[in-house]
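# Overview (structure and organization)
The chain contents come next:
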Amino acid sequence: MILKPLARRMLAFTMLVLLSSNLVWARPFKNPFFDVGDDVKKLPPVNWIRSRQIDVKHILIDLKFDWDKESAYGTTTITVAPFSDTDRITLDAAAMTINSVKLASGADLKFDYDGKKDNDNLGITLDRVYKSGEDVTVKIDYRTNYVNTASGDTAIGSFGRGLRFIKPTEDEPNKPRQIWSQGESEFNRYWFPSYDTPNDFRTTELRATVGKQYFVVSNGQLVDTKDNGDGTRTFDWKMDIPYSNYLTSIVVGEYAEVKNGEYDGKPVVAYGYPSETKEVAATTKNLPATIKFFSDKTGVKYAYPKYSQTFVEDFGGGMENISATTQIEEMIHDDRELLDTDSESLQSHELAHQWFGDYVTCRDWGQIWLNESFATYFQALWDEEFKGHDYFLYGDVRSNQQQTIGTWNQGNRRPIVTKYYANKDAMFDTYAYPGGGSVLHMLRKHLGDERFFKALNHYLTVNAHQPVSTEDLRIAIEETTGESMDWFFDQWLYKMGHPIFEVTQKYDEGSKKLTLDVKQTQKTDPLNEYPQTEYFQAKVDVEIDGRVEQVWLKPQADNVFTFDAPTKPKLVNFDYQSTLLKELKFDKSTDELVYQLANDKDILGRRWALTELSERMKDQSDRAKILDAVRSTAEKDASWLIRRDAIETLTEVYVPQLPPGMAAPPAKIDEATTQMLMKAVKDEQSLIRAAALTLLGATHDQKYADLYLASLEDRSYGVIDAAAVALGDTKSPKALDALTRLTTGTSWRGRIETAGLNGLAALGDKKAFETSYKFATDKTKDYNARIAALKVVGETGKGDERAYPLIFKQFKTALDQTDYNGLFTSVVAVIKLADPRGQEVFNMLREKFKGQDNIAGAINYFEGQFKAAIKK
C-alpha cells in the first residue's frame, strides 16, 4: 500500500503541515507512538502475534449490492480446520447483520455475535466435535452495515474500511458509480466474515452479481461471467494460490479493459474509464517490462494468473491486492502530462508487493517493513533500470534518506521493527517505507548485488506463500552468503537511530598522506525506552579526486583513516554516492565546495555541495563566487535534476520564502542570472523550462510578457502553469484576455483551465470576477479547476455579495469531505476577500481538527492573516 503520492486534492496538506511544523507552531512535537509523560517516553503496549485457533483453507464470497443503503448482502462460505479438537469456532465480522449460519449440508448452526469486540466476535457452535486438522465448512448469510463517509477514517487516511460506494454528488454530478474494497490492515472483516489477521493463508472464490452495465474485478482468474436475464450479471473470480486475508478485493464499475500485453503467458491488463483508454494505455504501457524486471531480479517468476490495475475514485493511493491492484484514478496521465511526470513509481511499488507482501507476507504489523520497505526499494530499482543510476540515487536513495531523517528530527522516532505500537495502522509510516528502503539499500551495498539478490531469491523461495518475520530474512541471508548479519539487523532494524558524522580532513605534504578524522556525534536519548544504537559500524566508500577507496567504520566515537595521495586532493567525498542513512557535517572551504559542485562524478556529492553553498550564500564575502558557481551549474551540469535544483536554489536567493497565500514583492535579478534563465526557458527538459519561467516571473516585469504569452502554447502543462502565473504577475494589458482564453477550453483534468485561473488570481483584475464566478459554479467543469476558480473569486470579488456565499459553500463541502486542497484554497480565498463573515471558517476548522496540533498551528496562522486583512 502506498498513500496518495500524487493526488492533487492532497497537495495543500503538505503545505499546511510544513507551515505549522516549521513556521508557526512552537509547541513540542507530539509523537503518536509514545505515551508522552513529563520524564520518560514510555513504550506503547506490546503486540504479540495473534494465536490461531483455526487454519482457514478456503473462502467463497457470494454477494449482491444495495446502492441506496451502501450495503452488500449474500453469503460467505468458509472452510477451516481447528488446531485442537473442538465443537466451536470464532471468526472476525465487523458491523454486520448475521441472518443465519449453516453447515455445507444446509443444517442450521447456533451462533452468537458481539459487534463490539474486535476479534473472534462471531462465535459458531458446530454440530459435533471436529478433530484437529479435520475440515469443516460453514455458510454465513449476512448483510454489511458499515458505511464509509466521504471524509474517510482519520485513523487510516482516505482508504476507508471494507466497502466504499462511490456515487454522483451535488457538487460532482459526473462522478462515476463504483464500489471498491480496502482490506489493509484488518478491514476486510467489514464485508465478509474471516480470520482477519495476516498470519494465515487461504484460497478464495468471489461471485458478485451487479447491474449489466458494470464490470467486476477481483483476485485470480475470471472463470465465468453469467447473464442472469434480469438486467444483472454474475462474475466469478477464483484464486487457487493461498494468500493473506487483507489482500482479497473487489472493484465494481463501468470499465474498459486495456490490454498491456503479457508476461510468461499471463495477461497484464488495466481497467480504466471508457473515455480514457488512450491515456490508460500510455500510462501503464511499461507494466510487462516491469514484471519481467522484478521476476529476473528476484529469480522468482510472477506467480499469479494475471496482473491487473483498476482505477477508482476517492482512493487513498495504491493497494496491492493479490493479482488485482487497486489504484487512484488520478495517476492516469495524457501524453502532455507525461512530458512532466509519470506514475512509474506508484505502479512499480504496488507491483513489487506481488513478491514482497503477497507472495510472502509480514506475519504481524510490527514487521510491516518486510512488505512496504521492499516495495519502496524495488520501486527504486525499477527507477534505476528505467531512468538511470543517477535518477535512482537522486530520486530514490536521497529522497528516502531525507524523509527518514526529517521524520526523526521532528521527534517521531521508533525502530523499524518493533512489537511496541499503539495503533497498527500508524505503523504505515516513514520508517516502514523510506526508512526501511534506506536500510535495504545499505544491505545491498554491503553484500554486493550478486549476494544480495541471491539471498532474496532464497528468502522468497523457502518462504513461498507463507507469513514471514524479519528473522526469516536474516536467516536466508546467512544461509545464502555464509555471513552473519546479526549486527546489521540489530543496529538498523531492531534499534533506532542513525549516525551523525563530523568529518575533518588534513593533508601532510611530507608523507603524502590524507587523513580523515570521522567523529560520530549522535547521542542516545536516556528518556526514550525504545532500544537505540549508540555507535554504528559499516563499510564506507571514500572518493578522493575521482578514485574510490573503501574503509571500515568501527562502532566507536572516533575513527581515523589515512590514504595515500601524491598531491593535496581537490575533492574528498566521504560516503561516495551516499549509501549510509546519516547526517553529515564536513567542513570545506567555499573553493572546495565550488570545485566539488563542478567536478564530482557523484550526483549526490554535487547535490550536497549545492546545499552547502546555498547555506553560505548569506555570507556576502563569498556571495558573488557562489552565484557564479550555481549559475554555471544551472546551465552546464550533466543532470537535468541538478540543473533544475540550481535554478530553484537561485529562486530561494532572489525570492523571499513566504508562507502559502502570501505574495512576494518583485524580485531583483542580476543580468548574468537573467541571461542564464533566458537560455533555460528553451531547455529540452520541461521542468527546467518551468523552473526558469517561475524565477523570471518573480520579477513581475512586463518586458517578459511576450515570452510568457508564447510559453502558454508549450506542450507541457507544467510550463503553462508557470507561464500563466508569471504573466498574471506582470499586470500586463495583454494578460486578461490571454488568461481568460485558457479557461474557455476543455483539457485533460482541467489542467489548462486551472493554469488560466491561477494566472487570473495572480493578475487580480476585477474584470476576471465574472469569469471565475461562472466557472466555479459550473458543475460540468473539472472539480480541481473549480476549486482554483475560488482563488480568483477571493482576489477579485471584494464588494460583490455573491463572493462570500460561494467560497463558504465550497469550503463547507471540502470540510465535510476532508478535501485538503479544497480547504486550503477556500481559506486563502477567504483571506483575500477579507469578509468579516469569514471568521466562521476558522471556528469550524478548529472544531474539525480538534486535537491535531500540527494542523491547529496552520489554522492559527491563517486566522492571523485573515484578521490582518480585515484591518487593512
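In what follows, the accompanying structure is described. Quick caveat, the model's predicted, so the values are computed rather than measured.

Cut-offs and rules
Residues numbered from 1 in each chain as written. Predicted model: local features only at pLDDT ≥ 70, side-chain atom pairs only at ≥ 80, totals over all residues. Heavy atoms only, no water. Helix = DSSP H or I, 4+ residues; strand = E, 2+ residues; numbered from the N terminus. Rg over C-alpha atoms; globule rule 2.2 N^0.38 Å. Buried < 20%, exposed > 50% of the residue type's maximum accessible area, 1.4 Å probe, protein only. Contact = heavy atoms within 4.5 Å. Areas by Shrake-Rupley, 256 points an atom, 1.4 Å probe, with all protein chains shown as cover. Lys, Arg positive; Asp, Glu negative; His and termini not counted. Charge placed at Lys NZ, Arg CZ, Asp CG, Glu CD. Phe/Tyr/Trp six-rings, centres within 6.5 Å; stacked < 30°, edge-to-face > 60°. Lys NZ or Arg CZ within 6 Å of the ring centre and 35° of its normal. Patch = residues over 30% accessible without salt bridge, like charges linked within 9 Å, V, L, I, M, F, W, Y side chains within 5 Å. Salt bridge = Lys/Arg side-chain N within 4 Å of Asp/Glu carboxyl O. Pairing = 2+ DSSP bridges. Axes fitted to C-alpha atoms, helices over the stretch in contact; angles between N-to-C directions. Core = buried A, V, L, I, M, F, W, Y, C linked by side-chain atoms within 4.5 Å. Expected span 1.5 Å × (residues − 1). Parallel < 35°, antiparallel > 145°, perpendicular 65-115°, else oblique. Left-handed = near helix turned anticlockwise from the far one by under 90°. Nonpolar A, V, L, I, M, F, W, Y, C, P; charged D, E, K, R; others polar.

Turning our attention to the overall build of the protein. The secondary structure content of the protein amounts to 26 helices and 31 strands. Over its C-alpha trace the protein gives a radius of gyration of 29 Å, about what one expects of a compact globule, namely 29 Å for 872 residues. Taking the principal axes of the C-alpha coordinates as reference, the protein spans close to 90 × 80 × 60 Å. Relative to its full complement of 872 residues, the protein shows a buried share of 58%. In the protein, of all internal contacts separated by at least 6 residues, the share reaching a separation of at least 24 is 69%. Working note: accessible area of the protein is about 34,700 Å², and carbon and sulfur atoms make up 49% of it. Side-chain charges in the protein split into 109 positive and 128 negative, and the spacing between the mean points of these groups amounts to 3 Å.

So, on to the packing of aromatic side chains. To describe a pair of aromatic rings, you give the distance between the ring centres and the angle between the ring planes. All chains considered together, the criterion is met by 40 aromatic pairs. Taking 5.3 Å as the distance between ring centres and 10 degrees as the angle between the ring planes, the aromatic pair formed by Trp 382 and Phe 386 counts as stacked. Within this pair, Trp 382 and its partner Phe 386 are both found in helix H5 (residues 369-387), separated by four residues, close to a single helical turn. The class for Phe 386 is partly exposed, based on a relative accessible area of 37%. Arg 202 extends its terminal NZ or CZ atom over the ring of Tyr 243, reaching a point 4.8 Å from the ring centre. Taking the ring centre of Tyr 773 as reference, the NZ or CZ of Arg 802 above it sits at 4.8 Å.

What follows concerns a nonpolar patch on the surface. Taken together, Val 46, Trp 48 and Tyr 420 make up a surface patch of nonpolar side chains, about 320 Å² in accessible area. Within the secondary structure, Trp 48 is located in the loop between strand E3 (41-42) and strand E4 (54-66).

Attention now goes to the sheet that holds strand E6 (residues 86-91). Here three strands make up an open sheet; going across it, the order is E6-E9-E8 and the pairing antiparallel. Where the open sheet ends on each side, the last strands, each with one partner, are E6 and strand E8 (110-113). The sheet shows a mean angle of 25 degrees between the axes of neighbouring strands, direction not considered.

Moving on to the pattern of salt bridges. Overall, the coordinates contain 67 salt bridges when judged by the stated rule. Among the ionic pairs, Arg 189 bridges to Glu 186, the shortest N-O distance being 3.1 Å. Taking relative accessible area as the criterion, Glu 186 reaches 11% and is therefore assigned buried. Lys 625 is the partner of Asp 591 in a salt bridge, and the nearest nitrogen-oxygen pair spans 2.8 Å. Placement of Asp 591 in helix H11 (residues 590-599) and of Lys 625 in helix H13 (residues 620-636) is noted, with a sequence separation of 34 residues between them. A residue is classified by how much of its surface remains accessible, and Asp 591, at 48% relative accessible area, is partly exposed. Connected through salt bridges with shared partners, the residues Arg 50, Asp 92, Asp 120, Glu 186, Arg 189, Asp 196 and Lys 424 form a single ionic network.

So, on to the nonpolar core. The biggest cluster of nonpolar side chains holds 254 residues, and the ones touching the most others in it are Phe 65, Ile 124, Val 138, Ile 140, Phe 842 and Leu 845. Leave out the neighbours within four places in its chain, and Ile 124 touches Asp 87, Arg 88, Ile 89, Leu 91, Val 101, Leu 109, Lys 110, Phe 111, Val 138 and Ile 140.

Another point: the side chain of Asn 188. By the element assignment, Asn 188 lies in the loop between strand E12 (178-182) and strand E13 (201-211). The exposure class of Asn 188 is buried, given its relative accessible area of 0%.

A separate point is the sheet that holds strand E29 (residues 558-564). Across the sheet, four strands lie side by side as E29-E26-E25-E31; this open sheet has mixed pairing. Every interior strand has two partners, whereas the edge strands, E29 and strand E31 (583-586), have only one. With direction set aside, neighbouring strand axes in the sheet form an average angle of 20 degrees. In this structure, strand E25 (residues 500-508) lies alongside strand E26 (residues 513-520), joined through eight bridges in antiparallel fashion. Bridging across to E26, Lys 506 finds its partner in Thr 515.

A few words on the side chain of Thr 310. As for its position among the elements, Thr 310 is in strand E20 (residues 307-312). Thr 310 has contacts with Val 217, Val 251, Tyr 255, Tyr 271, Thr 325, Thr 326 and Gln 327, leaving out every residue within four places of it along the chain.

A separate point is the environment of Ile 140. Relative to the helices and strands, Ile 140 is located in strand E10 (residues 136-144). Setting aside anything within four residues of it in sequence, one finds Ile 140 in contact with Gly 74, Thr 75, Thr 76, Ile 78, Leu 91, Ile 98, Ser 100, Val 101, Leu 122, Ile 124 and Pro 193.

Here helix H3 (residues 287-298) contains 12 residues, and its C-alpha end-to-end distance of 16 Å stays within 8% of the 16 Å for a straight helix at 1.5 Å per residue. Here H3 has its buried residues at Leu 287, Pro 288, Thr 290, Ile 291, Phe 293, Phe 294, Ser 295 and Thr 298. One or two steps after H3, the chain reaches Gly 299, where phi turns positive at roughly 75 degrees.

Turning to the packing of helix H23 (residues 803-816) against helix H24 (residues 820-833), a few remarks are in order. The contact between H23 and H24 brings their axes to 8 Å, and the two run at 155 degrees. Taken together, the axis directions place H23 and H24 in an arrangement best described as roughly antiparallel. As for how H23 packs across H24, the hand of that crossing is left-handed. Here H23 contributes Ala 803, Tyr 804, Ile 807, Gln 810, Phe 811, Ala 814 and Leu 815 to the contact with H24, which in turn contributes Gly 822, Leu 823, Ser 826, Ala 829, Val 830 and Leu 833. Across the contact of H23 with H24, the residue classes break down as 10 nonpolar, three polar and no charged.

Here the focus is the environment of Pro 242. With respect to the helices and strands, Pro 242 occurs in strand E16 (residues 232-244). Between the alpha carbons of Pro 242 and Phe 201 there is a distance of 5.2 Å; along the sequence they are 41 residues apart. Discounting residues that sit within four places of it in the chain, Pro 242 has contacts with Phe 201, Arg 202, Thr 203 and His 465.

Here we come to unusual backbone geometry. Following Glu 184, the chain continues into Ser 185 via a peptide bond in cis, with omega recorded as 10 degrees. As for its placement among the helices and strands, Ser 185 is situated in the loop between E12 and E13. We note that Asp 545 has phi near 50 degrees; this positive angle belongs to a residue other than glycine. Among the structural elements, Asp 545 can be located in the loop between strand E27 (538-544) and strand E28 (547-553).

With that settled, consider the environment of Gly 123. Tracing the chain through its elements places Gly 123 in strand E9 (residues 122-130). Taking the C-alpha atoms as reference points, Gly 123 and Asn 286, separated by 163 residues in sequence, lie 47 Å from one another. If sequence neighbours within four positions are ignored, Gly 123 has contacts with Arg 88, Ile 89, Thr 90, Lys 110, Phe 111 and Asp 112.

Of all six residues that make up E20, six are buried, and the element is covered over most of its length. Alternating positions in E20 separate into two faces, Tyr 307, Gln 309 and Phe 311 on one and Ser 308, Thr 310 and Val 312 on the other, with burial throughout. Where strand E19 (residues 266-272) and E20 come together, four bridges link them in parallel fashion. Its bridge partner being in E20, Ala 270 is matched across the sheet by Gln 309. For E20 and strand E22 (residues 324-328), the ladder comprises five bridges, and the chain directions are parallel. What sits directly across from Gln 309, in E22, is Thr 325.

By themselves, these observations are geometric and do not establish any function.
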